[in-house]
Amino acid sequence: MKTRNIEVDVLVIGGGTAGPMAAIKARQKSPQLKVLLLDKANVKRAGAIAEGMDSVNNAIIPGYATPEQYVKEITIANDGIVNQAAINAYAIRSHDMIRELDSWGVKFEKDETGEYAVKKVHHLGSYVLPMPEGYDIKKHIFKKLRKFGVEVSNRLITTRLLVGRDGRIAGAMALDSRSGEFVVIRAKAVVLCTGSAGRLGLPSSGYLFGTYENPTNAGDGYSMAYHAGAELSGIECFQINPLIKDYNGPACAYVTGPFGGYTVNARGERFIKSDYWSGQMMLEFWRELEGGNGPVYLKLDHLAGETVSKIENVLHVTERPSRGLFHEGRGVNYRSDLVEMHISEIGLCGGHSASGVWVDESARTTVPGLYAAGDLCNVAHNYMLGAFVFGQIAGEDAVDYVVGKEQAQIDEEQIESERERVFAPLLRAEGIPPTQIEYKLRRMVNDYLQPPKVTSKMEIGLQRFAAIGEDLKQMKANNPHELMRAMEVYAILDCAEIAAIASLYRTESRWGLYHYRPDFEERNDQDWFVFVEVKKGADGRPQCFTRPVPPYIYPLDENERDAYSKMRVDTPLAA
Amino acid sequence: MTTYETRGLVNIIVDPGKCIAEKGCRVCIDVCPTDILILDLGNGKVRMAYDECWYCLPCQHDCPTQAIRVEIPYLLR
Ligand SMILES: Cc1cc2nc3c(=O)[nH]c(=O)nc-3n(C[C@H](O)[C@H](O)[C@H](O)COP(=O)(O)OP(=O)(O)OC[C@H]3O[C@@H](n4cnc5c(N)ncnc54)[C@H](O)[C@@H]3O)c2cc1C
Ligand code: SF4
Ligand code: SF4
């Protein structure tokens, strides 16, 4: 177990979407800085966009939408609990980022006049920009990493951050999942871009890696930020998605909607007004299934054959291209068959819902020198383009932050205790395989945390999680690969505990299904118009507290406030 | 404490006639996000070593000889 030491100015952890952009922008702004980008996978094909993306979910293109309209829509969709300054920081850079990516070679749909062809999918405004040829986005980004001289290191799973004696960030520690080396990286600023906690609930297929999110995103970033003392925010606002049953990937209504596809119940009736993913929409979806009106389907069989071919040319070649293979195996053809949908297991994700590490409009966390961007940060509904923009913001701000700074002084003890924790499962003679503990843990997450969130169930869940915490002392890994999985189990357990604790703390219902608590059926703005934050307390346990919602930049009108609460179609519309 | 080995249906199918791993190719091993492909020292070709596949396809798309076919994992089919 050799130790490798590395020293850089800016360390970017996670080479999916936000991370490469952060690294590129840092080098672009300050070419003399040493910038290292690392990933547990291979940056070339890492992250949610490994096979590209089929649309920009939140494009703010002049002529279609303004930053003000967008910020208001996201505020309404999040039942008011947002930091508008952070959403706005994305909104005002959205168009420029699209143009920059366009100039790099990334393809976005344009109309006959060469303008971006934006579609309406959201409840109120138009923000979806299709990317029918969006499959090679990673290639274009990788070229820029080369061009700007970003150093890249693959197959390094970071397990903990290093914090200096003065409280500022000092670097990170990682395991090389191929060689088994322990790696200590000293850095003056760290940008965390490790994506969502996508391996929290267990998919109903029972397949550990059959997740909506890229399963490399196990929640490591949440756990690392938490142990470094950063504030996590909105963790109780779970991510739950409407997905193709069993395949567990998006169908995807954003692609099919503009072509005329929509969601129906077993009677072929439309029951939701908008297919845009929100907690309120998911609540209606859940009610339909629970109320005996399921299954719920995506309906495309009424479309012209030519239109369906166009849809297939997007859905079966980009983002999750194995969708076509899955349908083929089941004998499902969009032309004649409905696509059965279901409700996913829970996850944590800032980019889809709002559960993330707290950041301000400069992507700064509450730990000096530590930034978060992409799905890991709590900038609601930020999606792919928001990950790019917040990556940019973080990379550029980190460059300013390191000016005139030395590496922070650290206590070496941090490194020793982490080395011990990381290698314990390998050194143990025998014990429980990481995958078996993970299976049990995630099954318990389903049993006790999947909404509706029942108080007494979540309390039992916490007891089960504590018991599994004890089991970790018997976890046995046979090689560096299994050791990586073992470290992920630690992170998943942290996420499960924090998810339960934050959910118990907010004694109301909010965000539709994402935080539906039958014991507190109503939304209570009087007491709960605040963020719920979680931080590691002095006793080493998660502590909850509230943070006020900053004054709005764009105040909402009384009649706009509840637009997302009216998702259900009043009288069912026959198809 | 005793554990047992489990068996499972492999969903990454490698055509040994097409795979050129013995010439040094490691493309699929390199790009796989979950790092589940390894060189089989027995036949010098690539094989799936862990049941941890996201059926995401980079291995299939980047293979220079079209030697890899990804199937949907059995539990999801
Ligand atoms: C199936 C799917 C479809 C989507 N469709 C759309 C869409 O159509 N439009 C849209 O706008 N958005 C879409 N999104 C959302 C969008 O892709 C994400 O919001 C965005 O890509 C997130 O970027 P990120 O950088 O935060 O995470 P990612 O791109 O997932 O990158 C995270 C990276 O961190 C690495 N990592 C994790 N833990 C560690 C660790 N401990 N050490 C080192 N590295 C680590 C991972 O390997 C990964 O490469 C979709 C997402 C998914 C999963
Ligand atoms: S990429 Fe193809 S040819 Fe190369 S090692 Fe993998 S299967 Fe063999
Ligand atoms: S489909 Fe994806 S996860 Fe499965 S082996 Fe290929 S690259 Fe790896």
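Residues numbered from 1 in each chain as written. Chains lettered and ligands numbered in written order. Predicted model: local features only at pLDDT ≥ 70, side-chain atom pairs only at ≥ 80, totals over all residues. Heavy atoms only, no water.

1. Notes on the interface of chain A and chain B
- Residue-level contacts link 38 residues of chain A with 27 residues of chain B.
- The three residues of chain A that bury the most area against chain B are Arg45(A), Tyr207(A) and His481(A), which together make up 23% of that side's buried surface.
- Between chain A and chain B we count four salt bridges in total.
- Where chain A packs against chain B, one counts 24 residue pairs in polar contact (both at pLDDT 80 or more).
- Within the residue set of the side of chain A that touches chain B, elements represented by two or more residues are helix H9 (323-330) and helix H14 (480-505) of chain A.
- In the side of chain A that touches chain B, the residues fall into 11 nonpolar, 16 polar and 11 charged. (Contact = heavy atoms within 4.5 Å. Buried area = accessible area lost by both parts, 1.4 Å probe. Salt bridge = Lys/Arg side-chain N within 4 Å of Asp/Glu carboxyl O. Polar contact = N/O pair within 3.5 Å; in protein donor to acceptor, adjacent residues only side chain to side chain. Helix = DSSP H or I, 4+ residues; strand = E, 2+ residues; numbered from the N terminus. Nonpolar A, V, L, I, M, F, W, Y, C, P; charged D, E, K, R; others polar.)

2. Some details on the site of ligand 3
- Around ligand 3 sit 13 residues in total, of which Cys32(B), Cys53(B), Cys56(B), Leu57(B) and Cys59(B) are the nearest.
- Its residues assigned to classes, the shell around ligand 3 shows 12 nonpolar, one polar and no charged. (Near = heavy atom within 4 Å.)

3. Let's talk about the confidence of the model for chain A
- For chain A, per-residue confidence averages 96 on the pLDDT scale, and residues scoring 70 or more make up 99% of the total.
- Element-level mean pLDDT values for chain A span from 69 in strand E21 (residues 568-574) of chain A up to 99 in strand E18 (residues 370-372) of chain A. (pLDDT = per-residue confidence, 0-100.)

4. Considerations on the packing of aromatic side chains
- Taken as a whole, this structure holds 13 aromatic pairs over all chains when the rule is applied.
- Considering the side-chain rings of Tyr70(A) and Tyr127(A), the 5.3 Å spacing of their centres and the 75° angle between planes classify their relative orientation as edge-to-face. Here Tyr127(A) lies in the loop between helix H3 (84-104) and strand E5 (129-130) and Tyr70(A) lies in helix H2 (residues 67-77), a separation of 57 residues in the sequence.
- Ring geometry for Trp286(A) against Tyr516(A): centres 5.8 Å apart, planes inclined by 65°, an arrangement best described as edge-to-face. One end of the pair, Trp286(A), is in helix H7 (residues 279-290); the other, Tyr516(A), is in the loop between H14 and helix H15 (525-528), with 230 residues separating them in the sequence. Each member of the pair, Trp286(A) together with Tyr516(A), is buried.
- One aromatic cluster in this structure is built from Tyr212(A), Tyr254(A), Tyr276(A) and Trp277(A).
- Looking at Arg320(A), its charged tip hangs above the ring of Trp54(B), at a distance of 3.9 Å from the centre.
- Positioned above the aromatic ring of Trp358(A), the side-chain terminus of Arg547(A) is 3.9 Å from the ring centre. (Phe/Tyr/Trp six-rings, centres within 6.5 Å; stacked < 30°, edge-to-face > 60°. Buried < 20%, exposed > 50% of the residue type's maximum accessible area, 1.4 Å probe, protein only. Lys NZ or Arg CZ within 6 Å of the ring centre and 35° of its normal.)

5. Here we look at the site of ligand 1
Residue and element names in this part refer to chain A.
- Taken together, 36 residues are adjacent to ligand 1, and Thr17, Asp39, Ser55, Asp220 and Asp375 come closest.
- Contact distances for ligand 1 include 3.0 Å between a nitrogen atom and a side-chain N or O atom of asparagine 57.
- One of the backbone N or O atoms of cysteine 193 is found 3.5 Å from an oxygen atom in ligand 1.
- Here ligand 1, which alone exposes 1000 Å², has 99% of that area covered by the protein.
- Of all elements in the fold, only strand E7 (156-163), helix H5 (220-227) and helix H10 (383-402) reach the threshold of two or more residues within the shell around ligand 1. (Areas by Shrake-Rupley, 256 points an atom, 1.4 Å probe, with all protein chains shown as cover.)

6. With respect to the confidence of the model for chain B
- Across chain B, pLDDT averages 96, with 100% of residues at or above 70.
- Predicted complex, confidence summary: ipTM 0.98, pTM 0.98.

7. Describing the sheet that holds E18(A)
All names here are of chain A.
- In spatial order, the strands read E6-E3-E2-E10-E18; together these five strands make up an open sheet with parallel pairing. For this open sheet the edge positions go to strand E6 (151-153) and E18, each flanked by a neighbour on one side alone. Neighbour-to-neighbour, the strand axes of the sheet open up by a mean angle of 20°, direction not taken into account.
- For strand E10 (residues 189-192) and E18, the ladder comprises three bridges, and the chain directions are parallel. Across the sheet, valine 190 pairs through a bridge with leucine 370, a residue of E18.
- Across the sheet, H10 touches strand E2 (10-13), E10 and E18, and the angle it forms with E10 is around 165°. (Pairing = 2+ DSSP bridges. Axes fitted to C-alpha atoms, helices over the stretch in contact; angles between N-to-C directions.)

8. Some thoughts on the packing of helix H13 (residues 455-471) of chain A against H14(A)
Residues and elements named next belong to chain A.
- Where H13 contacts H14, the axes come no closer than 10 Å and their chain directions differ by 155°. Taken as axis vectors, H13 and H14 run roughly antiparallel relative to one another. Relative to H14, the crossing made by H13 is left-handed. Note on element contacts: H14 touches H13 through Leu493, Ala496, Glu497, Ala500, Ile501, Ser503 and Leu504, opposite Thr455, Met458, Glu459, Leu462, Phe465, Ile468 and Gly469. (Parallel < 35°, antiparallel > 145°, perpendicular 65-115°, else oblique. Left-handed = near helix turned anticlockwise from the far one by under 90°.)

9. Describing the packing of helix H1 (residues 18-29) of chain A against H10(A)
All names here are of chain A.
- Orientation of H1 relative to H10, taken along the N-to-C sense of each, is 40°, at an axis distance of 7 Å. By the criterion of interaxial angle, the relationship of H1 to H10 is oblique. For the element pair H1 and H10, the recorded crossing hand is right-handed. From H1, Ala18, Met21, Ala22, Lys25, Ala26 and Lys29 reach across to H10, where they touch Ala387, Phe388, Gly391, Gln392, Gly395, Glu396, Val399 and Asp400.
- Classifying every residue of the contact of H1 with H10 by side-chain character gives seven nonpolar, three polar and four charged.

10. Topic: the nonpolar core
- With 209 residues, the main nonpolar core has Leu11(A), Leu161(A), Phe388(A), Phe390(A) and Leu37(B) as its most contacted residues.
- Of the residues forming this core, the biggest block, 13 residues, is contributed by H10(A).
- Those residues within four positions of Leu161(A) in sequence are excluded, and the remaining contacts are Ile13(A), Ile169(A), Gly171(A), Ala172(A), Met173(A), Val190(A), Leu192(A), Met224(A), Ala225(A), Ala228(A), Leu370(A) and Gln414(A).
- Ranked by size, the runner-up nonpolar core spans 16 residues in total, among them Ala170(A), Ile410(A), Ile415(A) and Met484(A). (Core = buried A, V, L, I, M, F, W, Y, C linked by side-chain atoms within 4.5 Å.)

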